[in-house]
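The lines below spell out each chain.
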Amino acid sequence: MKKNKKVALITPPYHSGVVESAGTWLNLGFVYIAGALRAAGYQVDYYDAMSLWHRWPDIRRRLEDFRPDVVATTAFTASVVDAVNLLRLAKEVNPEVVTVLGNVHATFCYQDLLEEKDPVIDYIVLREGEETLPELLDCLNSGGDPTRVRGVAFRRDGRVVVTPERPFIQDLDRLEPAWDLVEWPIYKYRAKNDARLAIVSSSRGCKSQCSFCSQQLFWERSWRARSPENFVSELEMLHSRYGVEVAMLADEIPTFDRRRWQKILELMIERRVKVKLLMETRVNDILRDADLMEIYRAAGVEHIYVGVEAGSQKTLDLFNKQTKVEQSKAAIDLINGADIVSETSFVLGMPDDTAESIAATVELAKHYNPDMAFFLAIAPWPYAELYPQLKEYVATTDYRKYNLVDPVIKPRNMTLAELTRDLGRAAQSFYMHKFHNLKQLSPWKQEFMVQVFKILLTNSYLADQMWAMAGSGKEMPEEVRALLRVLEKDQSGPARNFAPIP
Ligand code: B12
Ligand code: SF4
């Protein structure tokens, strides 16, 4: 019988808006780790406190009910403060509990985290968790020495110990995600009539070198993939067994291998897979796949995000994006041409930014004409390659603000308040333009965009700006005016639910 046999995997109750507004998203990393733990004989509680919008008393109750031996949580940079608070709560509820932290922030900042004065983290798992966590727990249960487990960091005799790196898992097809543990009814895609939503992964890694991004570093510029057959069968299973209608690909670059990606699309068409895909990829891959765009659409790809990031070649080069300004427009045109929703973002709030440069980016965004655009505040991950160049402009070390919404870098010639205001105005101006031109879109895109507008007005961090922009809606197309009338009647005035309550 295992000593540490009950493991609670809990997402930190952190919220910041943007993607959260569009739906409720499951934690795929935990679905994979739960599967691996169960296969090794552990009892697992998959608890997505973040998506359930649970607060500390709810989390305490769940801990008291399940009485785990091990509590593990996950941290990218913005969620690390709440992740550590969660482990502190777990220790309060049961001082004997073993606590574990994983994910990108933990992988790069393990030294700082383990050196905290009041240590609540027993072990940090570096990089992929499916093999490391069960092996670590097996080792602890058998009274073994955790220095023998590859890919972990912990404190011993007041010093931080880190073990040798674990190689990445090569055969992703053999992993067994614990889909049956997911609380399916809460996961909904708000922009498509609350369709049942999954997150899936067909590949891991990225070989690009964008200097502001953590993902190429996390995966050490490598890329591995599942076989088309294995991945498409999973989509079929998710639809037939759990009613999944829409799935977001968690992959950084699902299209990296054109032949594999084309095979996936062809299989989806051949087997009439009923799951629609939302995905992210690179501008260059879309240009490469110009002749495949109709196949993307026929297979069920409904939404593609490409990171344009900047409107000037100088900034693109600083970001090491390896694209040319004009290529972004061409990629968005291809996506629009295939009647797929196009989305992009611009990373703003750089030291050189001014009200004028932000306004110019908005005009460029209108010219590029994606269906959706986000104007983000750069977050200087302390482990990113760009960090040394941003360090002297960092205005706060409160990681909760490193969420691409709150400004963290203070531009030389702007205050943080001015930057916040201008990022809000950027979104206002872009969407005003979009909704004026609603009629230029295909019928299904018009319907989708009206849903997006509703989310922006009711459930997003941009709600205030959007209501200010919409005014009485007099100049808007009839669909938008009708929506405004309904929302105002329903909620007797502007709705300001900051975020979705499932
Ligand atoms: C899905 C996703 C989300 C979901 C999260 C759903 C949920 N319930 O947790 C949603 C859409 C809500 C989301 C939101 C945000 N996200 Co997000 N998201 C992603 C995305 C696209 C995929 C993550 C994923 O599922 N990967 C697949 C799984 C299998 O891999 P994994 O998560 O890395 O997990 C593996 C390892 O890391 C490790 N591991 C991870 N956790 C743990 C824990 C333990 C205990 C162990 C042992 C191991 C372990 O093992 C796992 C399996 O091998 C990534 C980008 C990417 N491509 O990875 C961005 C990403 C994680 N998000 C990011 C950001 C910034 C955000 C937001 C702040 C953006 C915003 N303002 O809206 C918000 C914050 C959320 C909030 N609550 O406010 C950044 C984080 C950057 C950083 N370095 O900190 C990323 C990397 C995107 C990017 N390119 O910059 N996100
Ligand atoms: S921004 Fe995208 S392409 Fe660039 S390194 Fe990050 S994941 Fe890779």
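All of these numbers come straight from a predicted model, not from anything done at the bench. (Residues numbered from 1 in each chain as written. Chains lettered and ligands numbered in written order. Predicted model: local features only at pLDDT ≥ 70, side-chain atom pairs only at ≥ 80, totals over all residues. Heavy atoms only, no water.)

### Thoughts on the overall build of the protein
A count of helices and strands for the protein gives 19 helices and 16 strands. The globule rule puts the C-alpha radius of gyration for 502 residues at 23 Å, and the 23 Å found for the protein is close to it. For the protein, buried positions account for 57% of its 502 residues. Considering the protein, the positive charge centre built from 63 side chains and the negative charge centre built from 69 side chains are found 1 Å apart. (Helix = DSSP H or I, 4+ residues; strand = E, 2+ residues; numbered from the N terminus. Rg over C-alpha atoms; globule rule 2.2 N^0.38 Å. Buried < 20%, exposed > 50% of the residue type's maximum accessible area, 1.4 Å probe, protein only. Lys, Arg positive; Asp, Glu negative; His and termini not counted. Charge placed at Lys NZ, Arg CZ, Asp CG, Glu CD.)

### A look at the site of ligand 1
Taken together, 43 residues form the shell around ligand 1, and within it Tyr 14, Trp 25, Glu 130, Ala 250 and Asn 403 come nearest. One of the side-chain N or O atoms of Asn 103 is found 3.3 Å from an oxygen atom in ligand 1. In the environment of ligand 1, an oxygen atom lies 3.0 Å from a nitrogen or oxygen atom belonging to the backbone of Gly 129. Elements that contribute at least two residues to the shell around ligand 1 include exactly α1 (19-22), α2 (28-39), β3 (70-74) and α7 (215-218). Here the shell around ligand 1 is composed, by residue class, of 21 nonpolar, 15 polar and seven charged. (Near = heavy atom within 4 Å. Polar contact = N/O pair within 3.5 Å; in protein donor to acceptor, adjacent residues only side chain to side chain. Nonpolar A, V, L, I, M, F, W, Y, C, P; charged D, E, K, R; others polar.)

### With respect to the nonpolar core
Of all hydrophobic cores here, the largest spans 162 residues; its most connected members are Leu 9, Leu 26, Ile 124, Trp 179, Tyr 296, Ile 304 and Phe 375. The greatest single-element share of this core, amounting to eight residues, is contributed by helix α17 (residues 443-458). Judged by nonpolar contacts, the second largest core, of 11 residues, contains Trp 219, Tyr 383, Ala 384 and Tyr 402. (Core = buried A, V, L, I, M, F, W, Y, C linked by side-chain atoms within 4.5 Å.)

### Section: the sheet that holds strand β14 (residues 301-309)
Spatially, β8-β9-β12-β13-β14-β15-β16 is the arrangement adopted by the seven strands of the open sheet, whose pairing is mixed. Looking at the sheet topology across the chains shown, the edges are occupied by β8 (188-189) and β16 (372-377). Note that strand β15 (residues 341-348) and β16 share six bridges and pair parallel. Bridging from a neighbouring strand, Leu 348 pairs with Ala 377 of β16. (Pairing = 2+ DSSP bridges.)

### Considering the pairing of strand β13 (residues 276-281)
Taken residue by residue, a regular strand's side chains alternate between the two faces of the sheet. In this structure, strand β12 (residues 246-249) lies alongside β13, joined through three bridges in parallel fashion. Counterpart to Val 246 in the pairing with β13 is Lys 276. Of the crossover connections in this fold, the one passing from β12 over helix α9 (residues 258-270) to the parallel β13 is right-handed. Here β13 pairs with β14 via five bridges, running parallel. The residue bridging Glu 280 from the neighbouring strand is Tyr 305, located in β14. (Right-handed = clockwise from strand over helix to strand, strands pointing away.)

### Remarks on the site of ligand 2
Every residue close to ligand 2 is listed here: Cys 206, Ser 208, Cys 210, Cys 213, Gln 215, Gln 216, Glu 252, Ile 253 and Lys 321. A class-by-class count of the residues in the shell around ligand 2 yields four nonpolar, three polar and two charged.

### Comments concerning the packing of helix α16 (residues 416-436) against helix α18 (residues 463-470)
Look at α16 against α18: their axes get within 9 Å of each other, and the N-to-C directions meet at 45°. Judged by the angle between their axes, α16 and α18 are oblique. The two elements α16 and α18 cross, and the hand of that crossing is right-handed. Each of Gly 424, Ala 427, Gln 428, Tyr 431 and Met 432 in α16 lies in contact with α18, whose residues at this interface are Gln 465, Met 466, Ala 468 and Met 469. (Axes fitted to C-alpha atoms, helices over the stretch in contact; angles between N-to-C directions. Parallel < 35°, antiparallel > 145°, perpendicular 65-115°, else oblique. Left-handed = near helix turned anticlockwise from the far one by under 90°. Contact = heavy atoms within 4.5 Å.)

### Examining α16
Along an α-helix, residues three or four apart share an orientation, since each turn contains 3.6 residues. In this model α16 runs 30 Å from its N-terminal to its C-terminal C-alpha over 21 residues, within 8% of the 30 Å that 1.5 Å per residue would give. Buried within α16 are the following residues: Leu 419, Asp 422, Leu 423, Gly 424, Ala 426, Ala 427, Phe 430, Tyr 431, Lys 434 and Phe 435. (Expected span 1.5 Å × (residues − 1).)

### Remarks on the side chain of Thr 73
Turning to its location among the elements, Thr 73 is positioned in strand β3. Classification of Thr 73 as buried rests on a relative accessible area of 3%. Those residues within four positions of Thr 73 in sequence are excluded, and the remaining contacts are Ile 10, Thr 11, Pro 12, Phe 30, Ala 83, Leu 86, Leu 87, Val 100, Leu 101 and Gly 102.

### Focus on the sheet that holds strand β1 (residues 6-10)
Across the sheet, seven strands lie side by side as β2-β1-β3-β4-β5-β6-β7; this open sheet has mixed pairing. Either end of the sheet is taken by a strand with one partner, and the two such strands are β2 (43-47) and β7 (159-162). The sheet shows a mean angle of 20° between the axes of neighbouring strands, direction not considered. Where β3 and strand β4 (residues 98-102) come together, five bridges link them in parallel fashion. Across the sheet, the residue bridging to Ala 72 is Val 100, located in β4. Lying over the sheet, α2 contacts β1, β2 and β3, oriented at roughly 175° with respect to β1.

### Observations concerning helix α4 (residues 80-93)
Relative to the 20 Å expected for 14 residues at 1.5 Å per residue, α4 spans 20 Å between its end C-alpha atoms, a close match to the ideal helical length. Turning to α4, its buried residues number three or more, namely Val 80, Asp 82, Ala 83, Val 84, Leu 86, Leu 87, Leu 89, Ala 90 and Lys 91. Those residues of α4 that are buried lie in contact with β1, α3 (56-66), β3, β4 and α5 (104-114).

### Examining the pairing of β3
Within β3, five of the five residues are buried, which leaves the element mostly enclosed by the surrounding structure. Side chains Val 70, Ala 72 and Thr 74 project from β3 onto one buried face, and the interleaved Val 71 and Thr 73 project onto a second face that is buried too. The pairing of β1 with β3 spans three bridges and is classified as parallel. Each residue of the ladder has a partner; that of Val 7, found in β3, is Val 70. Handedness of the β3-α4-β4 crossover: right-handed.

### A few points about the environment of Val 362
Relative to the elements of secondary structure, Val 362 occurs in helix α14 (residues 355-368). Along the sequence, Val 362 and Phe 374 sit 12 residues apart, while their C-alpha atoms lie 9.9 Å from each other. If we skip the residues at most four places from it in the chain, Val 362 touches Phe 375, Ala 426, Ser 429 and Phe 430.

### Section: unusual backbone geometry
Residue Arg 221 is not a glycine yet carries a positive backbone phi of 50°. For Arg 221, the location among the structural elements is in the loop between α7 and β11 (223-225). If you check the backbone angles, Asn 369 has positive phi at about 65° while not being a glycine. Along the polypeptide, Asn 369 turns up in the loop between α14 and β16.

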